[in-house]
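# Structural overview for review
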Amino acid sequence: MTKDIENTLEIKNGQAVNLSEIPVLEYQEFHALVLDLLQAEDVHCVNYYAFPHNDILRFICCLADDRTQGIYLLSHIMATGGGLLKLESLTKYIDALHIYEREIWENFGIEFEGHPWLKPVRFPHDRYNGDLKVNDYPFYKVESEELHEVGVGPIHAGVIEPGHFRFTCNGEMVLHLEIQLGWQHRGVERLLLEKPKLLQRTILAESIAGDTTIGHTLAFARVMEGLSGISVNSRLDAERAIALELERIAIHTGDISALCTDVAYQLGTAVFGALRTPLINYTQDWCGNRFGKGLIRTGGSHYSLTDELIQRLRNLLDDFEWRFKEMADKAYSLVSVENRFDEIGTVTNRQAKLIGTVGMAARMSGVKRDIRHSHPFASFSDIPYVPVMLEKGDVYARYYLRRLEIEESINYIRKVLDNKRYFLSEATSPVPETNLNLSPVSISVSMVEGWRGEICHCAVTDEQGKIIHYKVKDPSMHNWKALELSLRDLEISDFPINNKSYNLSYCGYDL
Amino acid sequence: MNVLGFVLAIISSLLIPGIITITKAKMSGKKGPGVFQPLFDIARLIRKGNVYSTTTSVIFQIGPIIYFASVVVALLFVPFGQYKGLLSFDADFVFFAYLLGIGKFMMIISAMDTGSGFEGMGANREALYSMLVEPIFFILMGSLALLTHYSSFYDLFVHIHYDSYLTYLIAALGVYLLLQIAMVENSRLPIDDPKTHLELTMIHEVMVLDNSGFDMGLINLATGLKFALYGGLIANFIFPVEWSLYAQIVVFIMVNLLFAVAVGLMESFRARNKLAKNPKWILMLSSISLIVFLCVIEITQKLL
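Note that the coordinates shown come from a computational prediction; the quantities given were computed from them, not determined experimentally. (Residues numbered from 1 in each chain as written. Chains lettered and ligands numbered in written order. Predicted model: local features only at pLDDT ≥ 70, side-chain atom pairs only at ≥ 80, totals over all residues.)

The secondary structure content of chain A amounts to 18 helices and 15 strands. Dimensions of chain A along its principal axes, counting C-alpha atoms only, are 65 × 65 × 45 Å. For chain A, the residues scored as buried account for 50% of the 511 residues in total. In chain A, of all internal contacts separated by at least 6 residues, the share reaching a separation of at least 24 is 67%. (Helix = DSSP H or I, 4+ residues; strand = E, 2+ residues; numbered from the N terminus. Buried ≥ 20, exposed ≤ 12 C-beta atoms within 10 Å, placed from the backbone. Contact = placed C-beta atoms within 7 Å.)

Structure below.
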């Protein structure tokens, strides 16, 4: 193991390093090393991508080690000139890597030999073959007289976001679900390169997934800070952690309300829905936008948390806490609700590890994945956060985990507010940077635990300090697979509550 | 005077959906729309034209009309106190049940006619639950027939005499069962959720996804009528024939209002069933109807 690590470069969350410091390995060596490192339970892949530069395709793999709080960077290169490009698949051995290899295959046409599920990620067909249309998506098919297929979408019944769901059913029972996304591919990663100004890029980052504005913008800001060598003061770190946790509480409350809607428990729908409003209204009072747009900026903040805002936040949390508890005590002990959620859509611990779920979807089945705990950022390194874990992995676990995380987040915000070091000082947050000098030929990796799970942003610069590649990874990339597994041997009518219980991002996946 | 019951039932059918909505809104701390909002919606729908999918045939076009007609005709059988319904003959409750069955059958095949995967699924579910709920109605009515030795709605209700604890039990269970049958037949909680937007979980709503305009208006009207149908039966169960006509009118309207409020309350404080548990729920109702049957056997001493 020690010898292996010598062939990698270990960095911390949010750190930037010179690209040349990452050892470039032969593919055989790279392949063996990745497999070897991933043998350990505490190591998982947070990003694996390729980018072309000077006729060379450079592959970067980021493996996060929960024990050392480090991120191992590995790399290998490949000449892009002509010919069929083939590599031996890693997915053959580690299922969780399937999505990364599919993406690389889709973007650069590299055939991964032995990949069991080499299918498009965002395009309905092979993007280089213009003759193929949406209908040609290679869905998994079972030939049988008794089975039938049900296609749902891409237009969602509640007109939220587009995604196509193909069920193979035996009567009411689902044997297999396949999810085809990519219906709102906006080219976010390309736009992030094309738009030269920092503000434009920040606004793009805010729009990666509208419900994770704080999470994605924070990841973006920290990548930029890493590349330009800015270190932010502890007050700003505290404000960012508070914003992130507020977002988590608000979205979780809204999701609990939506889960109640899906099982027709109307009291829960109404009360939890109403509870979410003061939270997002507070964010609006703080920064002018209910979803926190404009709040997170590179190197500083336009909206410092004033004493008055702090007092109001304390009052808000006190008020929210007892109201939430009163309703939750009812909603979480109502027999008809428990009956509806229990034992439905179970993803076992083994399955969760295999497909590499992250965030909530991992913690609900006993997999300890929480960036706040394993690779702390912002104030999470000063004030530790203890992840909430559940074992069962069914819809009820996801429903219950939301409640526990809300309570934990409230406690965490209080701990931050109570910490004299952050807020009693006269120091306000610095004014955000408008022009950055990014260090040349560098790479920066930043991870943030958004409310869905780990968000990972990576940026690479060239000799002039210009960003030549930007990679965004939303937790939904991994967790959609968990939804597919949840539906196995389940009634098709249970699909909506399963889907809602994960509440994954379509646009975060489509990018 | 036979027509009076029919007229009152029509009036309550128009109000029941609005009252249910208001009750549910109040129970979740909302203001809610006016009582007549569902009627405005129906009026809007009826003014609109129909849109027919090109894959459908004439079945799809006549389905809603036959469904509506079957419910209206069924309403003619509901008696009112000492007055018979507009139609009444021996064993009319069998005719009543299968009349509603015809309407439902037309809705099911018109849903299949659209060729949509969703609607087929909904039709399949609706057929299953209707089939399961049928024995409840027949065991209940059959038990009453055994008790009274009559077999038309009018005679059944007129000749029930509340003279022992067991007959009170029969009345209480009968009212409960009719209420639950109304919930199942109208695809309400806990079997179905009329408010949901999720096609995959729907039963009745998904069957009428392709219906629009005038047809949709008829289907919505029929929902109210079906509630009034069962509300009327419950009212007959409850009030004694000896009461004066005016008292009966008041009680009839009160029972229908309370019925709507009860439906609203039942839907406010619980979640719906898992679809797989619905058959068990309906079978549980069947076993309650068997209790009625046992009571009747006990009263009539047929057991020995």
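Having put the structure on the table, let's press on.
Before going further, it helps to spend a moment on the packing of helix α5 (residues 117–148) of chain B against helix α7 (residues 165–185) of chain B. All names here are of chain B. The geometry of α5 relative to α7 is characterised by a closest axis approach of 10 Å and an angle of 160° between their N-to-C directions. In terms of orientation, α5 lies roughly antiparallel with respect to α7. Crossing of α5 against α7: the hand is left-handed. Judged by residue contacts, Tyr129, Val133, Ile136, Phe137 and Leu140 of α5 engage Gly174, Leu177, Ile181, Val184 and Glu185 from α7. (Axes fitted to C-alpha atoms, helices over the stretch in contact; angles between N-to-C directions. Parallel < 35°, antiparallel > 145°, perpendicular 65-115°, else oblique. Left-handed = near helix turned anticlockwise from the far one by under 90°.)

Residue and element names in this part refer to chain A. Summarising the element assignment, Val448 is placed in strand β12 (residues 442–449). Residues Val448 and His375 lie 73 residues apart in sequence; the distance between their C-alpha atoms is 8.6 Å. Setting aside its immediate chain neighbours within four residues, Val448 contacts Gly215, Leu218, Ala219, Ile371, Phe377 and Ile455.

So, on to the domain arrangement of chain A. Annotation of chain A at the domain level lists domain 1 (2–113), domain 2 (134–180) and domain 3 (208–439). Its C-alpha centre places domain 1 of chain A at a distance of 33 Å from the equivalent point of domain 2 of chain A. (Domains from an automatic or database assignment.)

So, on to the sheet that holds β12 of chain A. Two modes of strand pairing occur in sheets, parallel and antiparallel, and in both the strands are linked by backbone hydrogen bonds. All names here are of chain A. Ordered in space as β2-β12-β13-β14, the four strands form an open sheet in which the pairing is antiparallel. In this open sheet, the two edge strands, each paired with only one partner strand, are β2 (16–18) and β14 (467–473). Taking the axes of each pair of neighbouring strands and ignoring which way they run, one obtains an average angle of 15° across the sheet. Relative to β12, β2 is paired through three bridges, and the arrangement is antiparallel. Each bridged residue has a counterpart across the sheet, and for Ala16 the counterpart in β12 is Ser444. Strands β2, β12 and β13 (454–461) of the sheet are contacted by helix α6 (residues 213–228), whose axis makes an angle of about 150° with β12. (Pairing = 2+ DSSP bridges.)

All names here are of chain A. Pairing in this open sheet of four strands is antiparallel, and the strands run β9-β10-β11-β15 from one edge to the other. The two strands at the open ends of the sheet, each matched to only one other strand, are β9 (148–152) and β15 (490–491). Judged from the two bridges that link them, strand β11 (residues 173–180) and β15 form a sheet pairing that is antiparallel. Looking at β15, one finds that Val174 is bridged to Leu490. Lying on the sheet, helix α16 (residues 476–486) is in contact with β11 and β15; it crosses β11 at an angle near 160°.

So, about the interface of chain B and chain A. Interface size is often expressed as the accessible area that is lost when the parts come together. Between chain B and chain A, the contact holds 24 residues from the first and 21 residues from the second. Classifying every residue of the side of chain B that touches chain A by side-chain character gives nine nonpolar, seven polar and eight charged. (Nonpolar A, V, L, I, M, F, W, Y, C, P; charged D, E, K, R; others polar.)

This brings us to the packing of α7 of chain B against helix α9 (residues 213–238) of chain B. All names here are of chain B. Contact pair α7 / α9: the axes reach a minimum separation of 9 Å and the direction vectors enclose 180°. On the basis of the axis angle, α7 is roughly antiparallel to α9. On the side of α7, the interface is formed by Ala171, Gly174, Val175, Leu178, Leu179, Ile181, Ala182 and Glu185, while α9 contributes Lys226, Phe227, Tyr230, Leu233, Ile234, Phe237 and Ile238. Grouping the amino acids of the contact of α7 with α9 by side-chain chemistry returns twelve nonpolar, one polar and two charged.

Residue and element names in this part refer to chain A. Across the eight residues of β12, eight count as buried, placing the element largely inside the fold. By the alternation rule, side chains of β12 split into Ser442, Ser444, Ser446 and Val448 and Ile443, Val445, Met447 and Glu449, which are all buried. Two strands pair when backbone bridges link them, and β12 and β13 are joined in this way by seven bridges, in the antiparallel orientation. What sits directly across from Ser444, in β13, is Ala459.

Bringing the nonpolar core into the picture now. By size, the foremost hydrophobic cluster in this structure holds 226 residues, and its most contacted members are Cys61, Cys62 and Ile71 of chain A together with Val71, Leu75, Ile181 and Leu229 of chain B. Setting aside anything within four residues of it in sequence, one finds Val71 of chain B in contact with Leu100, Gly103, Ala222, Leu225, Lys226 and Leu229 of chain B. (Core = buried A, V, L, I, M, F, W, Y, C linked by C-beta atoms within 7 Å.)

With that settled, the discussion passes to unusual backbone geometry. For the peptide bond that leads from Leu189 of chain B to Pro190 of chain B, omega is -5°, which places it in the cis range. For Pro190 of chain B, the position within the fold is in the loop between α7 and α8 (204–207). In this model, Ala378 of chain A sits at a positive phi of 45°, which is unusual for a non-glycine residue. For Ala378 of chain A, the location among the structural elements is in the loop between α13 (371–374) and α14 (395–418).

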